[in-house]
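Examination of the molecular architecture
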Amino acid sequence: MNLSAGSAAYGSLTRLWGTRPFVLDAKKNPAAVLPGTTPLMLEGDLAQQMVEDIRSYLLNETSRLAAGRERLWKRDFTSAERYEASITPNRKHLREIIGAVDSRAAFEPTSLSANDWTQTEVGRGHGFHIYAIRWPVFAAPTADADGMEAEGLLLHPDHPPVARAVAIPDADWTPEMLAGIADGVPDASQFARRLAENDVQVIIPLLMNRDDTFSGIPGIGMTNMPHREWIYRMAFEVGRHIIGLEVQKILAAVDWFERKGATESLPIGVMGYGEGGLLALYSASLDPRIRAAVVSGYFQPRENVWKEPIYRDVWSLVREFGDAELASMIAPRVLIVEACRGPVVDGPPPVTGEHAACACPNGKLTTAPLNEVQREVERASQFFKQLNAEANLQLIAANGAMGSTGSEPAILAFLGALGAGKGSISAIGSPPKATISFDPASRLHNQFDQLVAFTQALIRKSPDNRAEFWKNADASSLKSWQVSTQSCRDYIWEEVIGRLPAPTLPPNPRSRMVFDEPGFRGYEIVLDVWPGVFAYGILLVPTSLKPGEKRPVVVCQHGLEGRPNEITDPHIDSHFYHHFGASLADEGFVIFAPQNPYIGQDNFRIIQRIGHPIGLSLFSFILGQHQQILKWLSAQPFVDSDRIGFYGLSYGGKTAVRVPPLIDGYCLSICSGDFNEWIWKTTNVLTAKTYMLLGEYDMYEYNFANIMNYSDLANLMAPKPFMVERGHDDPVGADQWVSYEYALVREFYDKLGIGDRTEIEFFNGPHEIHGVGTFQFLRKHLRPPLESNRS
């Protein structure tokens with residue numbers, strides 16, 4: 001790639017270094033290269049190259065992991081029963097990653113009795129009646145909350161039903177459209193109506209659509225997030241997902257069908273289109289009670305799910321499951337894939353009126369080419385073949401082209417799979433008619449509010465789940481704490497952040513001098529980490545260093561869109577950093593300021609989009625880079641490897657609670673401008689100081705709320721020192737939130753008898769390095785030379 005100039009997203013090289021000359025020619029000046037390194041020859045914007053290299057690594061890793069999915073399965077094809085048992089662990093994992101884990105509410109069939117239906121009739125079709133219905137899905141998760149219901153339509157045939165089906169529309173189709181009593185879907189695509197005309201009893205659930213009408217906090221701020229993204233964000237943090245919540249609504253309908261079967265047993269199927277096709281596939285994969293499934297406008301290779309809207313982002317999905325693997329959990333039951341034109345989504349809703357641009361800007365839906373659908377069906381066919389059920393996997397592509405959903409061949413195949421086929425289907429009847437006026441907007445709002453309320457109740461319950469996670473952590477002594485929490489560290493790294501192998505390459509350090517100041521010399525340093533991925537930063541070495549002397553190190557970490565030179569260049573007084581690295585170097589500390597890859601706006605956030613489906617995140621790479629940085633620093637003859645501290649602002653403060661507690665090598669950590677009651681910060685829908693109202697979709701980490709909060713991560717530093725720096729005017733949080741969460745840290749350190757190893761400093765100021773109490777903290781615990789080099 002051409003690195004001769006910076007891009008607009010990353011800033012120009014003039015911004016990177018200004019216009020001052022630097023010593024760069026190692027041939028003319030041997031001091032231009034740090035002893036023990038080779039000359040650094042890379043030019044251009046190294047931050048940009050780092051981000052692009054990580055992206056390339058992730059794309060390669062996605063292909064590699066997808067090709068090796070079978071290692072995560074232990075299939076036994078010797079019988080259908082043994083096969084079902086052998087895929088149980090995979091089915092359980094799928095439930096976990098889509099958040100379909102809550103027990104559904106038990107309810108009596110009378111909740112949907114004939115008497116109730118007659119009171120809610122909303123229309124009539126050719127041979128069937130249409131009723132507006134609701135059914136319970138979850139009981140209340142907490143005493144101060146309500147349960148959650150699903151709503152939709154019931155299409156009840158005039159003749160005794162021959163089968164039962166859940167017909168799932170695309171997210172932007174209302175149940176009324178699929179039933180034919182509202183405009184928006186062509187007659188031939190109204191597959192719920194067509195099933196009812198052929199004597200199938202049908203439930204059509206309402207899905208959250210892609211509009212942004214209710215996405216925000218009324219009176220505080222509204223956003224352009226699709227409703228699905230608004231729910232996705234808060235649910236993701238608490239180990240749930242809009243996909244899983246809607247799957248549960250569908251399976252609650254299946255529960256009712258099954259209860260009805262106690263007196264009149266009939267086969268049950270699901271048929272869905274677009275987002276409904278996704279839900280039909282997942283529902284049938286999870287529930288063997290579903291005899292047959294039609295997946296329409298949704299079946300293809302899923303390695304590029306990161307290009308789809310973010311509400312389809314499922315943690316670690318692609319590592320274990322493609323659409324073919326989901327199909328394998330339906331085998332040997334019937335799966336019909338209807339290749340047709342899918343929904344088209346070009347991005348989030350446009351910014352209008354009071355709705356601010358906060359939605360994830362990337363993510364589109366297009367129709368998969370027929371050859372991709374065929375390729376994924378062919379992959380799935382191997383599982384059906386080995387169960388002697390090859391005929392139960394069918395691909396419907398009318399005339400070899402991508403037609404519309406609900407084609408006659410698909411309907412006919414579905415009826416046949418449900419034992420309701422007659423070799424043909426009845427001709428389409430006269431259009432259904434609504435018998436009462438109905439307001440679908442109020443129903444949608446009610447369902448939206450219920451999803452928010454249910455998810456917020458789970459968030460309020462999350463402290464109990466965190467307590468359960470930490471229950472075996474033994475804080476009776478410093479030794480027992482460190483030993484007993486190792487499994488917690490491993491779980492957080494592997495399951496919440498995503499763990500890459502330890503660096504596989506030797507550091508191969510390269511350097512060039514960029515500063516020659518009275519108090520220190522500065523070098524750009526590049527280290528290899530993994531093939532194609534490097535670490536980069538600026539090292540400051542005090543000129544007062546004596547031969548053979550070992551000095552303490554402070555690793556000084558920038559925040560969002562920051563660069564190492566803003567920390568290390570004494571001639572740049574950034575209003576965030578105030579060259580605090582240079583100031584500490586003048587006090588005699590060795591300084592290393594790494595470049596972390598959260599730079600380039602959406603260019604770096606795409607790393608999260610690509611990484612999540614294979615169980616990786618931005619911090620998967622940051623952790624590995626810091627492992628290599630510590631390994632290299634510890635080997636330097638002027639470094640005291642037992643005295644390497646960490647001090648980061650903003651996103652660097654996020655690093656302060658996610659890196660030093662998990663890896664060996666840091667002897668203290670200072671979190672500036674980020675420490676928070678993190679669950680509240682990322683999920684609350686009551687205040688303006690919430691990431692729910694911001695475009696930073698990269699903040700969300702799957703199931704974080706049920707595993708840890710910032711106090712838990714800080715406690716993992718013990719017995720090492722930990723400090724928080726907080727400006728009263730910092731909009732990242734509120735003093736009350738920070739104080740509450742830090743009080744848990746202080747109590748923990750006090751009870752361990754090491755209360756003198758933790759501090760918090762509040763100061764009058766904004767989101768910035770204050771550098772007063774924190775500098776004292778560093779002097780106290782790292783003990784640098786007493787002399788100062790600053791004149």
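Residues numbered from 1 in each chain as written. Predicted model: local features only at pLDDT ≥ 70, side-chain atom pairs only at ≥ 80, totals over all residues. Heavy atoms only, no water.

This model, assessed by the stated rule, comprises zero disulfides. Take Cys 556: it sits in no disulfide, and the sulfur closest to it among the cysteines is that of Cys 667, at 13 Å. Accessibility expressed as a relative area gives 0% for Cys 556, which makes it buried. Owing to a relative accessible area of 17%, Cys 667 belongs among the buried residues under this scheme. (Disulfide = S-S within 2.5 Å. Buried < 20%, exposed > 50% of the residue type's maximum accessible area, 1.4 Å probe, protein only.)

Moving on, we get to the pairing of strand β5 (residues 163-168). Counting buried positions over the six residues of β5 gives six, a clear majority of the element. Alternating positions in β5 separate into two faces, Ala 163, Ala 165 and Ala 167 on one and Arg 164, Val 166 and Ile 168 on the other, with burial throughout. Judged from the four bridges that link them, β5 and strand β6 (residues 200-205) form a sheet pairing that is parallel. Residue pairing in the sheet places Arg 164 in a bridge with Gln 201 of β6. When β5 meets strand β9 (residues 268-273), the two strands line up parallel, connected through five bridges. Paired with Arg 164 across the bridge in β9 is Ile 268. (Helix = DSSP H or I, 4+ residues; strand = E, 2+ residues; numbered from the N terminus. Pairing = 2+ DSSP bridges.)

The next subject is helix α10 (residues 275-286). For α10, built from twelve residues, the straight-helix expectation of 16 Å at 1.5 Å per residue is met to within 8% by its first-to-last C-alpha distance of 17 Å. Within α10, burial applies to Glu 275, Gly 276, Gly 277, Leu 278, Leu 279, Ala 280, Leu 281, Tyr 282, Ser 283, Ala 284, Ser 285 and Leu 286. (Expected span 1.5 Å × (residues − 1).)

What follows covers the layout of surface pockets. Roughly 570 Å³ of volume is contained in the largest pocket. Lining the largest pocket we find 23 residues, and of these Pro 463, Arg 466, Asn 709, Tyr 740 and Leu 744 sit closest to its centre. Those elements that place two or more of their residues in the lining of the largest pocket are α15 (440-469), α23 (678-683), α25 (710-715) and α26 (735-751). At seven residues, α15 tops the list of elements feeding residues into the lining of the largest pocket. (1 Å grid on protein atoms, 1.4 Å probe; cavity = no way out; pocket = protein on both sides within 12 Å on 5 of 7 lines; lining within 4 Å. Points joined across faces, edges and corners; volume = space filled by probe spheres on them.)

On to empty space enclosed by the protein. Enumeration over the complete set of coordinates arrives at two cavities of 30 Å³ or more. Of the pockets and cavities examined, the largest cavity occupies roughly 90 Å³. Lining the largest cavity are 13 residues; nearest its centre among them are Gln 608, Phe 619, Arg 658, Asp 698 and Glu 701. Breaking the lining of the largest cavity down by element, the ones donating at least two residues are α17 (486-498), α21 (618-634) and α22 (651-658). Per-element tally for the lining of the largest cavity: the top contributor is α22, with three residues. Residues that form the lining of the largest cavity fall into these classes: seven nonpolar, two polar and four charged. One number sums up the size of the second largest cavity: a volume of about 50 Å³. Along the walls of the second largest cavity sit Gly 673, Asp 674, Phe 675, Val 724, Glu 725, Arg 726, Asp 730, Val 732 and Val 738, which together make up its complete lining. Residue contributions to the lining of the second largest cavity peak at three residues, all from strand β22 (residues 722-727). Tallied by class, the residues present in the lining of the second largest cavity amount to four nonpolar, one polar and four charged. (Nonpolar A, V, L, I, M, F, W, Y, C, P; charged D, E, K, R; others polar.)

Once that is clear, we can look at unusual backbone geometry. Residue Pro 332 is reached from Ala 331 by a cis peptide bond, and omega for that bond is 5°. Omega for the bond connecting Ala 718 with Pro 719 falls within 30 degrees of zero, at 10°, which places this linkage in the cis form. By the element assignment, Pro 719 lies in the loop between α25 and β22.

So, on to the confidence of the model for the protein. For the protein, per-residue confidence averages 92 on the pLDDT scale, and 93% of positions sit at 70 or higher. Confidence drops under pLDDT 50 across residues 1-24; counting only partners more than four residues distant or on other chains, this segment forms 61 contacts. Note on residues 109-118: pLDDT is under 50 here. Beyond four places in sequence and across chains, it has 16 contacts. (pLDDT = per-residue confidence, 0-100. Contact = heavy atoms within 4.5 Å.)

The next thing to look at is the nonpolar core. Core analysis: the largest hydrophobic core is formed by 191 residues, its most contacted members being Trp 230 and Phe 675. It is helix α9 (residues 242-260) that provides the largest number of residues to this core, a total of eleven residues. Once residues lying within four places of it in the same chain are set aside, the contact partners of Phe 675 are Val 657, Tyr 710, Ser 711, Ala 714, Phe 722, Val 724, Val 738, Glu 741, Tyr 742 and Val 745. Core analysis: the second largest hydrophobic core is formed by 39 residues, Ile 130, Tyr 273, Ile 396 and Phe 414 among them. (Core = buried A, V, L, I, M, F, W, Y, C linked by side-chain atoms within 4.5 Å.)

Scanning the entire structure with this criterion turns up 49 salt bridges. Residue Arg 69 pairs with Glu 325 through a salt bridge whose shortest N-O separation is 3.4 Å. Separated by 256 residues along the polypeptide, Arg 69 in the loop between α2 (46-67) and α3 (80-86) and Glu 325 in helix α12 (residues 323-328) bring together distant segments of the chain. For the pair Arg 69 and Glu 325, one class covers both residues: buried. Residue Glu 96 is joined to Lys 92 by a salt bridge in which the shortest nitrogen-to-oxygen separation is 2.6 Å. Here Lys 92 and Glu 96 lie together in helix α4 (residues 88-98), a separation of four residues that amounts to about one turn. The structure contains a network of salt bridges with shared partners spanning Asp 170, Asp 172, Arg 210, Glu 275, Arg 302, Glu 308, Arg 312 and Asp 323. (Salt bridge = Lys/Arg side-chain N within 4 Å of Asp/Glu carboxyl O.)

All right, on to the packing of aromatic side chains then. All chains considered together, the criterion is met by 29 aromatic pairs. Where Tyr 598 meets Tyr 651, the ring centres are 4.1 Å apart and the plane angle is 15°; that geometry is what we call stacked. Of the two residues, Tyr 598 sits in the loop between β19 (590-594) and α20 (602-611) while Tyr 651 sits in helix α22, which places them 53 residues apart along the sequence. One residue, Lys 681, lies across the ring of Tyr 691, its end atom 4.8 Å from the ring centre. (Phe/Tyr/Trp six-rings, centres within 6.5 Å; stacked < 30°, edge-to-face > 60°. Lys NZ or Arg CZ within 6 Å of the ring centre and 35° of its normal.)

For the rest of this paragraph, the subject is the sheet that holds strand β7 (residues 216-217). Reading across from one edge, β7-β8-β12 is the order of the three strands in this open sheet, with mixed pairing throughout. Each edge of the open sheet carries a strand with a single partner, namely β7 and β12 (355-356). In this sheet, β12 lies alongside strand β8 (residues 221-223) in parallel orientation, the contact comprising two bridges. Paired with Thr 223 across the strands is Ala 356, a residue of β12.

With that settled, consider the sheet that holds strand β3 (residues 128-138). One open sheet holds the ten strands; their spatial order is β13-β11-β10-β9-β5-β6-β4-β3-β2-β14, and the pairing between them is mixed. Looking at which strands have only one partner, the edges of the open sheet turn out to be β13 (393-396) and β14 (433-434). In the sheet, strand β4 (residues 148-157) pairs with β6 via four bridges, with the strands oriented antiparallel. From the neighbouring strand, Leu 154 faces β6, where its bridge partner is Ile 203. The sheet contacts of α9 involve β3, β4, β5, β6 and β9, and relative to β3 the element is tilted by about 115°. Here helix α13 (residues 370-386) sits on the sheet in contact with β11 (334-338) and β13, set at roughly 165° to β13. (Axes fitted to C-alpha atoms, helices over the stretch in contact; angles between N-to-C directions.)

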